Each structure stands twice: as structure tokens, then as C-alpha cells.
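Each chain, written out:
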Amino acid sequence: MLCDCLPAGDGIRDYPYEDVKLSTMCLPIRPPGPKFSPKGQTLHGYAGKVDKNVFQVLASKSSTFTESANSASPRYSSAQKAHGSPQYISKIETIFDDKRGRKRVKNQGPFARAEETSGTESDPEDNTKAGRSVYIQSTLRRRPGYRTLERDLIQLQQQKQQLFQIFVVVSLRKNATGNTYSPEITQQFPKMFEKSSRLSREAEDQLNVIPKFCFPDPQDWKPSAHTPSETFSFVLTGEDGSRWFCYCRKILPSGKGKRLPEVHCIVSKLGCFNLFAKILEEVERRREISPPLVYTFMRSVMEAPFPAPGRTVTVKSFLPGSGNEVLTLCRPVDSRLEHVDFDSLLQCLSVGKLLQVFASLLLERRVIFIADKLSVLSRCGHAVLALLYPFTWQHTFVPVLPASMLDISCSPTPFLIGVLAPCLPEVLELPIEEVLIVDLCADRFVIQLGDEDCILPSKLQAALQQVLEDREDILRQDSRDACGERPADLSALLSEAFVRFFVELVGHYPLHMVEAASGAKELQRESFRKSHPSRGVRQFLQLFMETQMFAGFIQDKELRKGGGRGLYESRVAEYLDSRLEPEPSGVNKFLKGLGNKMKLLQMK
């Protein structure tokens, strides 16, 4: 799970992952939401609504775009800010500038006439999509409301909560009949909770569902003499929407002959995969020496304070033969990406397939990942949702779905679900409509709607594809030009590339936020959409603006007092400063309008 938080008072966006509700079926019961028109909507249908008499076209005059001089991201040092953006950020900007063309966002006020520009001057490739249908699933129900982890994490830091809430060991017990096994919790720390506390009720609910997710596939429930350790994670969602991250490590206990595996699971409100993976490795190390050492160690971990991003926490413990040991736990400064492994995602999916999955999630469709390993499903699920920043997936997210709960995939809501490969035949027999099933092991689509490759605006998609395909060259060049600074890694590169995509897509939203009589800000939706110079983007926005992600993003901006200080808001400010086209006035406006009319007449 991604965490994009700063100390109290900072306003960086976050990534909540809606997962399994803590109820009998472990599935949130979605309240009835607004239904979309049953008629399929197409991108080319919106383009036909353009008023033929409108001649307010942006001029495609040549302009030299300056690179963003200063990066406001807190990750970069003052030396980098003084000498301009890092090399890889400049390269990303150059690629997007080249693909986008010369058109720029028009600096017209939010009360300007909401008229669409023709988009024919520098959008010729968008015409190739005119005959292809892209639609939103009319059967999907969106749940109201918009949640983020940002406030939860800030509150945790203010209250100085412990690193985790519960630690359990899940083992397999042989059933009375047959050679079958059932997972159950055999050890737990802490063992007791206050009877009347809310934590006690939540912990009881969690303890009831955790075993199924620790051993989601019956195929794994058999004795073995050699089973490699595996780390994975899943997320539970409480009745109030609070999220509990479950970090697991499946190990084979020390011994001789064939043995059954067991899973160590840490339940925490903190989303930081690498930090807890390090703790679980230490747990395994102590488990091999003596099981009682695990609880002494976990008590020391629980007493450690909740670390802020960039801060280090030390845990002292005693280990026979080694004496007193000190374990250093550190959260990275850029905590937004601390739960993400983009390497696994790019190893499983080609760039083209990845962008099609990304596009499907943007339209809040149903997506199912298939893989043969728990760790692959977990890492790829978290990573692909990280690409949606600054937007947040608001629907069901189950990184690894137990085989006994496959009917959840028939839910009439958007979801991202991970399923182990042996369960694929059963999944294909379920009555699931409008779904994209992705085989992560073979880099192929098992089932698809057929329009995934034409959802995104073509120019922005081409820019993203070039950055991803050239990622190794870009990182190599950045490493040579680092000049003593820490070079960028793959996570930073992908983060900046997709942030840039969303800057080009909706980065002009501040120009169309107006203050209402109540004092709150409101987005002028039509002027926002129609002011974009790219027809392909305008057509895509017609669909994207109907999603829960976009509604929540704008709602957050409307309710927020003062500007945000996250990475995305910083890039938006730089973008508007350097690429905004001023509104022409006087004689220049007249000549520009006359020239546009003549160009359109010549095309007839």
C-alpha cells in the first residue's frame, strides 16, 4: 500500500486500497450508487457535438518551451534546485513536449464561454480513433465518498501509535476426515485485548478472516521438505473504512523430512512493505533458533514509536550467541512509494500491456490479475495502483483472493483482484461481465473488452510508452550526470512519468476553480474540459470525469483550504508557469480569430 504523507500540516495525496470488508463474507456490501445510462458511450460520439460555427481555435504558433527550472519535490537537494531539474525529469518533459506538439492550455477564465476548440490543427492522429468505441460499463455501481490514507497516517503520527496492532502465526491443521488441511491461528501477540475496546472488536473480526488470506489456495496445503520463503501482503477494510495492512511471510519451519508451511502475519495501520518485510525476515531468523525469541522481539518492535517519513527507529533485542542486537528501521523520505515494487510489474507486463491495464483502471473497470505466486500478485497489484497518483482507487482491491471466495469477482462493482493460476479455470466459468483478465506469467490478456488500446489520448499514450521503453537509457544517462547526487531509480522515473501524464491531462484544473457563495471552491466542469487544446484529451475527459476517482480528486480540491504541497501540485504549478498560453486581446485577438476562420474554410 502506498503512503504519500508528510508530518502534520502537509497535504500530499495518498493511496487508499479498498479491500476486504471485515464481515462474514469479507466483502464490503456496496450501497446503491448512481447508475450510468445503459447506452454505451463512445469517444467519437462526443466529438460530433462540436459547434461548427465556433472559430475560437488556439493558435499553433511556434514556441520554445523552457524546461522546469526548479523542482519543488522534497526529494531533491538544494543543489539540484539551484541548477535545475534532475536530468531524468528534463528528459521526461522533453518527450512529452515532442509528442504533444505546439498547442498549449489556453489561459481563459472559468467564466469564459464553454466552447470546444476544433482540435484539428495538431491532432491528426486522434482521427484514427474516430471509428473505435470506448465506453464505461453501465452495469458498474460506484460507491459514494472518497477516502485517503493521508489523514489516518498523520493522526497516527500525532498520537504516537505503535508500529503494529497484531502479530499472528497461521498454521495448517489436518481435518478429521480425509487428507485435507485448514488454516487457523495457532499463536497470537498480544494475546489479550480490553473486552470493551473498539480495537478488541476489530481485532476479533480480523483474526477470523486472516487465515484464509494467508493460505488462499488449497494447492499449497501439503507437506514439503523444500519450500522457499515468500513475502506478500493484503489489506483489510473495517466497517468505518479504516485500512489494516497485513504483511505476511510464508516459511517452512526448521526440521527434518516433509513439513507443513506456516505464515507469520503482522497487522498494521502503516503501509510500508519494505519496513515490515525486514521485520519478518528477523522473525524468521529467530524462529529457526527458538520460537519464544519471536515474541520477545515482537514486543520490542511494538514498543518502538511510529516513524515519520525519513525518520529512523531502532529496535533492541537479545539473540543467543550474538548478544544484544540493534535493528534499524527507516521509512524513506518519499513515503508515497515505500510500498511499491515497479520492477516486478515491468518484468511481468510489456509496456503496451501495462498501459492498457492502466487505461482500464482509469475508467474504473473490472481487472483480474492471474499469477502462480502470492508475491507476484501482491507486488503487481500495489504497483499498478500506484501509477494512478494523484488519483486514488476507491473500489475493491484484493491482491490475493482465496479460492473459497472467487464468487466475489461477480460483484457488480469495479475491482482489482488477484487470483492464483490454479483457480483460473474456475474463474472463467463464473458469470463475470466486462472484465479484463491479465495473465502476469505469460504477459497476455485471457479476456479483454477489445478497446483497451484506444482509451488513452494517443499523444499522451505515445509519450508514456517512449519513457517506459527508454527507461534504462534515461536512468543510465541520469546516473552519469548525477554529479555526486544520488541518481534516480526506477520508482522515481515511473512516478515522474505518470505524474507528467496527469499534469498534461488535468493540470489546468486550478484555472477553473471558482469560489462559491458559501466560500468553498467549485470546478467549472465544462470550461475545464473544453479548454484543453487536444481533442483526444477532451474526448477522454468526457469519460474520465464520470469516474469516482476524478469526483473524489476534485472534491478534495474544492474542500481544501490553501494549495496542496505534494509532488503533483508542484508539477502543476511548474507546468502552468511555463506552458500557459495567454489569452490574446485587441488587434492580436482579432487577427488570430480571422486566421483561424480562414484555415477552417480552406479545410472545407
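The shown structure was predicted, so the numbers you read here are calculated from the model rather than taken from an experiment.

1. Brief notes about the overall build of the chain
Okay, so step 1: Broken down by element type, the chain carries 19 helices and 17 strands.
Okay, so step 2: Residues classed as buried in the chain amount to 59% of the 604 residues present.
Okay, so step 3: Pairs at least 24 residues apart make up 73% of the contacts formed inside the chain by residues separated by at least 6 positions.
Okay, so step 4: Summed over its atoms, the accessible surface of the chain is roughly 25,500 Å², and 50% of this surface lies on carbon and sulfur atoms.

2. Some words on the environment of Ala 551
Okay, so step 1: Turning to its location among the elements, Ala 551 is positioned in helix α17 (residues 548–559).
Okay, so step 2: The sequence separation of Ala 551 and Phe 391 amounts to 160 residues, and the corresponding C-alpha distance is 9.7 Å.

3. Some thoughts on the pairing of strand β12 (residues 415–420)
Okay, so step 1: Of all six residues that make up β12, six are buried, and the element is covered over most of its length.
Okay, so step 2: Bridge analysis of strand β10 (residues 366–371) against β12 gives six bridges, and the strand direction is parallel. Paired with Arg 366 across the bridge in β12 is Phe 415.
Okay, so step 3: The sheet contact formed by strand β11 (residues 396–398) and β12 spans three bridges and is parallel. Opposite Thr 396, over in β12, you have Phe 415 as the bridge partner.

4. What about the sheet that holds strand β14 (residues 444–447)?
Okay, so step 1: Here we have five strands laid out as an open sheet, ordered β11-β12-β10-β13-β14, and mixed in their pairing. Only two strands of the sheet have a single partner each, and these edge strands are β11 and β14. Here the strands of the sheet are splayed against their neighbours by 25 degrees on average, with no regard to which way each runs.
Okay, so step 2: In the sheet, β10 pairs with strand β13 (residues 435–439) via five bridges, with the strands oriented parallel. Counted as the bridge partner of Ile 368 is Ile 437 from β13.

5. Thoughts on the packing of helix α9 (residues 351–362) against helix α12 (residues 458–469)
Okay, so step 1: Relative to each other, α9 and α12 sit at 135 degrees, their axes nearing to 10 Å. With respect to their mutual orientation, α9 and α12 come out oblique. For the pair α9 and α12, the crossing hand works out as right-handed. Of the residues in α12, those in contact with Val 351, Leu 354, Leu 355 and Phe 358 of α9 are Gln 461, Leu 464, Gln 465, Leu 468 and Glu 469.
Okay, so step 2: Of the residues belonging to the contact of α9 with α12, the class tally is six nonpolar, two polar and one charged.

6. A few points about the packing of aromatic side chains
Okay, so step 1: Considering all chains together, one arrives at 17 aromatic pairs under this definition.
Okay, so step 2: Centre to centre, the rings of Phe 358 and Phe 501 are 5.6 Å apart; their planes meet at 75 degrees, and the pair counts as edge-to-face. Here Phe 358, found in helix α9, pairs with Phe 501, found in helix α14 (residues 490–506); they are 143 residues apart in sequence, far enough to count as distant.
Okay, so step 3: On the accessibility criterion, Phe 501 (0% relative accessible area) is buried.

7. Topic: the pattern of salt bridges
Okay, so step 1: For the structure on display, the rule yields 20 salt bridges.
Okay, so step 2: Residues Arg 287 and Glu 262 are paired through a salt bridge, measuring 3.0 Å at the closest nitrogen-oxygen approach. Residue Arg 287 is located in helix α6 (residues 273–289), and its partner Glu 262 is located in strand β7 (residues 262–268); the two are separated by 25 residues in the primary sequence.
Okay, so step 3: Given the relative accessible area of 7%, Glu 262 is considered buried.
Okay, so step 4: Across the pair Asp 451 and Arg 365 runs a salt bridge, and its minimum N-O distance is 2.9 Å. In this pair, Asp 451 is assigned in the loop between β14 and α12 and Arg 365 in the loop between α9 and β10, connecting sequence segments 86 residues apart.

8. Here's the deal with the environment of Val 438
Okay, so step 1: Residue placement: Val 438 occurs in strand β13.
Okay, so step 2: Measuring from C-alpha to C-alpha, the distance between Val 438 and Leu 349 comes to 9.1 Å, with 89 residues separating the pair along the chain.

9. Quick word on unusual backbone geometry
Okay, so step 1: Across the junction of Phe 189 and Pro 190, the peptide omega takes the value -10 degrees, indicating a cis bond.
Okay, so step 2: Residues Tyr 389 and Pro 390 are joined by a peptide bond in cis, for which omega reads 15 degrees.
Okay, so step 3: Looking at the element boundaries, Pro 390 is found in the loop between α10 (374–386) and β11.
Okay, so step 4: A positive phi angle is found at Glu 364, which is not glycine, with a value near 55 degrees.
Okay, so step 5: As for its placement among the helices and strands, Glu 364 is situated in the loop between α9 and β10.
Okay, so step 6: Exposure remark for Glu 364: the relative accessible area of 0% places this residue in the buried category.
Okay, so step 7: Even without glycine at this site, Glu 434 takes up a positive phi of about 50 degrees.
Okay, so step 8: Assignment of secondary structure puts Glu 434 in the loop between α11 (424–429) and β13.

10. Observations concerning α10
Three or four residues apart is the spacing at which side chains of an α-helix point the same way, because the helix has 3.6 residues per turn.
Okay, so step 1: When the terminal C-alpha atoms of α10 are compared, their 19 Å separation across 13 residues agrees well with the 18 Å that a helix rising 1.5 Å per residue should span.
Okay, so step 2: Counted residue by residue, α10 has twelve buried out of 13 residues, so it is predominantly covered.

11. With respect to the confidence of the model for the chain
Okay, so step 1: The share of residues in the chain with pLDDT of 70 or more is 66%, and the mean pLDDT across the chain is 75.
Okay, so step 2: Throughout residues 124–133 the model reports pLDDT below 50, and contacts reaching past four residues in sequence, or to other chains, amount to 20 contacts.
Okay, so step 3: This model gives residues 148–154 a pLDDT under 50, and the stretch forms 29 contacts once residues within four places in sequence are excluded.

12. What about the environment of Leu 388?
Okay, so step 1: Looking at where Leu 388 falls in the secondary structure, it is placed in the loop between α10 and β11.
Okay, so step 2: A relative accessible area of 0% means that Leu 388 is categorised as buried.
Okay, so step 3: Spatially, the C-alpha atom of Leu 388 lies 7.7 Å from that of Phe 498, the residues being 110 residues apart in sequence.

13. Side note on the state of the cysteines
Okay, so step 1: On inspection of all chains with the given rule, the structure shows zero disulfides.
Okay, so step 2: Take Cys 246: it sits in no disulfide, and the sulfur closest to it among the cysteines is that of Cys 265, at 4.6 Å.
Okay, so step 3: Taking relative accessible area as the criterion, Cys 246 reaches 0% and is therefore assigned buried.
Okay, so step 4: Here Cys 380 is not disulfide-linked; the sulfur of Cys 348 is the nearest cysteine sulfur, at 3.9 Å.
Okay, so step 5: Overall, Cys 380 belongs to the buried group, its relative accessible area being 0%.

Analysis parameters
- Residues numbered from 1 in each chain as written.
- Predicted model: local features only at pLDDT ≥ 70, side-chain atom pairs only at ≥ 80, totals over all residues.
- Heavy atoms only, no water.
- Helix = DSSP H or I, 4+ residues; strand = E, 2+ residues; numbered from the N terminus.
- Buried < 20%, exposed > 50% of the residue type's maximum accessible area, 1.4 Å probe, protein only.
- Contact = heavy atoms within 4.5 Å.
- Areas by Shrake-Rupley, 256 points an atom, 1.4 Å probe, with all protein chains shown as cover.
- Pairing = 2+ DSSP bridges.
- Axes fitted to C-alpha atoms, helices over the stretch in contact; angles between N-to-C directions.
- Parallel < 35°, antiparallel > 145°, perpendicular 65-115°, else oblique.
- Left-handed = near helix turned anticlockwise from the far one by under 90°.
- Nonpolar A, V, L, I, M, F, W, Y, C, P; charged D, E, K, R; others polar.
- Phe/Tyr/Trp six-rings, centres within 6.5 Å; stacked < 30°, edge-to-face > 60°.
- Salt bridge = Lys/Arg side-chain N within 4 Å of Asp/Glu carboxyl O.
- Expected span 1.5 Å × (residues − 1).
- pLDDT = per-residue confidence, 0-100.
- Disulfide = S-S within 2.5 Å.

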